[in-house]
Amino acid sequence: MFQYKTGQMKALMRQWQLQSMVIPGILWMFIFCYIPMLWLIIAFMDFSIAKPMLESPFVGLKHFREFLTDDRFWRSIRNTLGMSSIKLILGFPIPILFALLLNEIRSLRFKRTVQTISYLPHFIAWTIFGGIALNWLGEGGVVNQLMMALGLQDRDILFNSEPGYFWWITFFTDTLKETGWSAIIYIAAIAGIDPGLYEAAELDGANRWQRMWHITVQSIRPTIAILFILAVSGILGSNFEQIFMLKNNMNMKMAESLDLYIYNMGLVSGRHSFSTAVLFARSIVALGLLLLANQTSKKLTGDSIF
């Protein structure tokens, strides 16, 4: 055991230049993720920004009881679960499918062109992309013109003013913006597959679909499992920038997500302890979901994060 640890240390020292590249990431995580956790204590206090934190009175679980009896909280939970479920069930497989299809393109130039174009929307801020989406969804917009040309509707519809469309609008705009970027990790995993496996399968008479299913999909299965576990743990989260840009007074009934609720309670209404209590509870539930998804994946597929 001692020799094993000594060998690890020697290997670590030989790679010190490479290993030192993780230091900025560790520092960033410590400063912006771990240090702010100390402020979770205000969830158990009647915190006032006008006086030092430790002079605020402790109130125990008062704020936790309050949000559990708030109708707006349960409405935000319903909306968050609705939007996240659509994105998880319908949206999660799309980058995988995109990466698989991209891998089948033989022309390297065309493949790189498609790849580059698919990345571009990710670099557009939601303040701009949301404005473009609202323009497309508005009266006389591209979506209305397309739907009328296909005979699916006979008049203009203000899609973003109809609460019933909001969850689907978030799904389609998110898919349009992030599919290319989300596919990067699958493309990287596919690039690591031994080409000899494809050659052997071709010699055995496997066609392209069989090679895709039995080699490509099976090789990236651990990557899919890990990303799915992380996606399940984030089901109570939502894309705050996206929701903030697309919401309005007419669709707020279906648009107020948990993130927007925390923002409204904390920064708009000044109820910092209350919003921290909601955030704290959400983090505990997310941790539980992560552990549950990890154990389920381990039992069903043998793949897990830990």
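Each chain has its residues counted from 1, running along the sequence as written. Selection of residues for local features in this predicted model requires a pLDDT of at least 70, selection of side-chain atom pairs for listing and counting requires 80 or more, and totals for whole chains, interfaces and linings are taken over all residues. Working from all heavy atoms in the structure, the side-chain values ignore hydrogens and water.

Colleague: I'm lost on the overall build of the chain in this one. Help?
Modeller: Put simply, DSSP H or I for four residues or longer makes a helix, DSSP E for two residues or longer makes a strand, and each gets a number counted from the N terminus. Counting its regular elements, the chain contains 18 helices and zero strands. The C-alpha extent of the chain, read off along each of the three principal axes, is 75 × 70 × 35 Å. Of the roughly 19100 Å² that the chain leaves accessible, carbon and sulfur atoms contribute 69%. For the chain, the centre of its 25 positive side-chain charges and the centre of its 20 negative side-chain charges are spaced 7 Å apart. Per-residue accessibility takes into account occlusion by the displayed protein chains alone, with areas from the Shrake-Rupley method and a 1.4 Å probe. In this count, Lys and Arg are taken as positive residues and Asp and Glu as negative ones, while His and the chain termini are left out. Taken as the charge location is NZ of Lys, CZ of Arg, CG of Asp or CD of Glu.

Colleague: Looking at this structure, I do not really get the side chain of R282. What am I missing?
Modeller: Its place among the elements puts R282 in helix α18 (residues 272–300). Apart from the residues within four sequence positions on either side, R282 is in contact with L236, G237, L258 and D259. Contacts between residues were defined by any pair of non-hydrogen atoms, one from each residue, lying within 4.5 Å.

Colleague: Would you mind going over the pattern of salt bridges with me for this structure?
Modeller: Pairs may arise between side chains of opposite charge once their charged atoms sit close together. Salt bridges are defined as contacts in which a side-chain nitrogen from Lys or Arg sits within 4 Å of a carboxyl oxygen from Asp or Glu. As enumerated under the stated definition, the model contains eight salt bridges in all. The partner of K177 in a salt bridge is E178, and the shortest N-O contact between them spans 3.2 Å. The residues K177 and E178 share a single accessibility class, namely buried. Through salt bridges with shared partners, one network takes in R72, R75 and E256. Any residue under 20% of the maximum accessible area for its type is buried, any over 50% is exposed, and the rest in between are partly exposed; the area is computed with a 1.4 Å probe on protein chains only.

Colleague: What am I meant to see in the packing of aromatic side chains here?
Modeller: For any pair of aromatic rings, geometry is given as the distance between the ring centres together with the angle between the planes. Pairs were defined over the aromatic rings of Phe, Tyr and Trp, the Trp ring being its six-membered one, requiring ring centres within 6.5 Å. Orientation was assigned from the angle between planes: stacked under 30 degrees, edge-to-face over 60, tilted for the rest. Within the structure shown, the criterion is met by 20 aromatic pairs. Site record: aromatic cluster; members linked through ring pairs are F44, F64, F67, F73, W74, Y261, F274 and F280. By the criterion adopted, a ring carries a charge over it if an Arg CZ or a Lys NZ lies within 6 Å of its centre and within 35 degrees of its normal. Stacked on the ring of F244, the Lys or Arg K247 has its end atom at 4.8 Å from the ring centre.

Colleague: Please explain the nonpolar core as it appears in this structure.
Modeller: Generally speaking, a soluble globular protein has its nonpolar side chains buried in company with each other. Side-chain atoms within 4.5 Å are what join buried Ala, Val, Leu, Ile, Met, Phe, Trp, Tyr and Cys residues into a set we call a nonpolar core. Of all hydrophobic cores here, the largest spans 19 residues; its most connected members are F67, F73, L258, Y261, F274 and V278. Among the elements of the structure, α4 (62–68), α5 (71–91), α14 (221–233), α17 (258–268) and α18 are those that each provide at least two residues to this core. Sorting elements by how many residues they give to this core places α18 first, with five residues. Other than its neighbours up to four places away in sequence, F73 contacts F67, L68, L258, Y261 and V278. One finds I96, I187, I190 and I193 within the second-largest nonpolar core, a separate group that totals 18 residues.

Colleague: Teacher, can you tell me more about the packing of helix α6 (residues 93–103) against helix α10 (residues 166–182) here?
Modeller: The description of two helices packed together rests on the angle between their axes and the distance between the axes. Axes here mean lines fitted to C-alpha atoms, for a helix over just the part in contact, with angles spanning 0 to 180 degrees between N-to-C directions. Two elements in contact, α6 and α10, have axes separated by 9 Å at closest approach and are oriented at 45°. It follows that α6 is oblique to α10 by the angle criterion. Crossing of α6 over α10 shows right-handed handedness. Counting all contacts with α6, which are made through I94, P95 and F98, the residues of α10 involved are F171, T175, T179, G180 and S182. A per-class count over the contact of α6 with α10 returns four nonpolar, four polar and no charged. Angles below 35 degrees are treated as roughly parallel, those above 145 as roughly antiparallel, those between 65 and 115 as roughly perpendicular, and all remaining angles as oblique. Here a crossing is called left-handed whenever its near helix is offset anticlockwise from the far helix by less than a right angle, and right-handed whenever the offset is clockwise. The classification used treats Ala, Val, Leu, Ile, Met, Phe, Trp, Tyr, Cys and Pro as nonpolar, Asp, Glu, Lys and Arg as charged, and all other residues, Gly among them, as polar.

Colleague: Explain the packing of α6 against helix α7 (residues 108–119) to me, please; I cannot follow it from the model alone.
Modeller: Packing of α6 against α7 brings their axes to within 10 Å, and their N-to-C directions diverge by 160°. In this view, α6 runs roughly antiparallel relative to α7, as classed from their interaxial angle. In the crossing of α6 with α7, the sense of the turn from one axis to the other is left-handed. Residues F98, L102 and N103 of α6 form the contact with α7, whose participating residues are K111, V114, Q115 and S118. The residue inventory of the contact of α6 with α7, partitioned by class, reads three nonpolar, three polar and one charged.

Colleague: What am I meant to see in the confidence of the model for the chain here?
Modeller: The predicted coordinates should not be examined in detail at positions where pLDDT is low. Residues at a pLDDT of 70 or more form 98% of the chain, whose mean pLDDT is 91. pLDDT measures how confident the predictor is about each residue, on a scale from 0 to 100. Put simply, helix α1 (residues 2–14) is where the chain has its lowest mean pLDDT, 74, and α6 is where it has its highest, 95.

Colleague: Could you clarify how one ought to interpret the environment of S118 in this entry?
Modeller: On the secondary structure map, S118 appears in helix α7. Take S118: its relative accessible area is 13%, and that puts it in the buried class. Taking the C-alpha atoms as reference points, S118 and L260, separated by 142 residues in sequence, lie 29 Å from one another. Polar contacts, as used here, are pairs of N or O atoms within 3.5 Å; protein pairs need one atom able to donate a hydrogen and one able to accept it. Residues neighboring in sequence count only if both atoms are side-chain atoms. At 2.7 Å, the side chain of S118 forms a polar contact with the backbone oxygen of Q115.

Colleague: What should I look at first to understand α17 in this one?
Modeller: An α-helical segment advances 3.6 residues per turn. Residues three or four places apart therefore align on the same side. Among the eleven residues of α17, eight are classified as buried, and the element is accordingly described as predominantly covered. Where α17 is concerned, the buried positions are L258, D259, L260, Y261, I262, N264, M265 and G266. Of the surrounding elements, those touching the buried residues of α17 are α4, α5, α15 (240–246), α16 (252–255) and α18. Phi turns positive, to about 75°, at G270, one or two residues after α17.

Colleague: Sorry, what's going on with the environment of I35 here?
Modeller: With respect to the helices and strands, the residue I35 is situated in the loop between α3 (23–34) and α4. By relative accessible area, I35 is classed as partly exposed at 33%. Distance from I35 to A191, taken between C-alpha atoms, is 38 Å for residues 156 residues apart in sequence.

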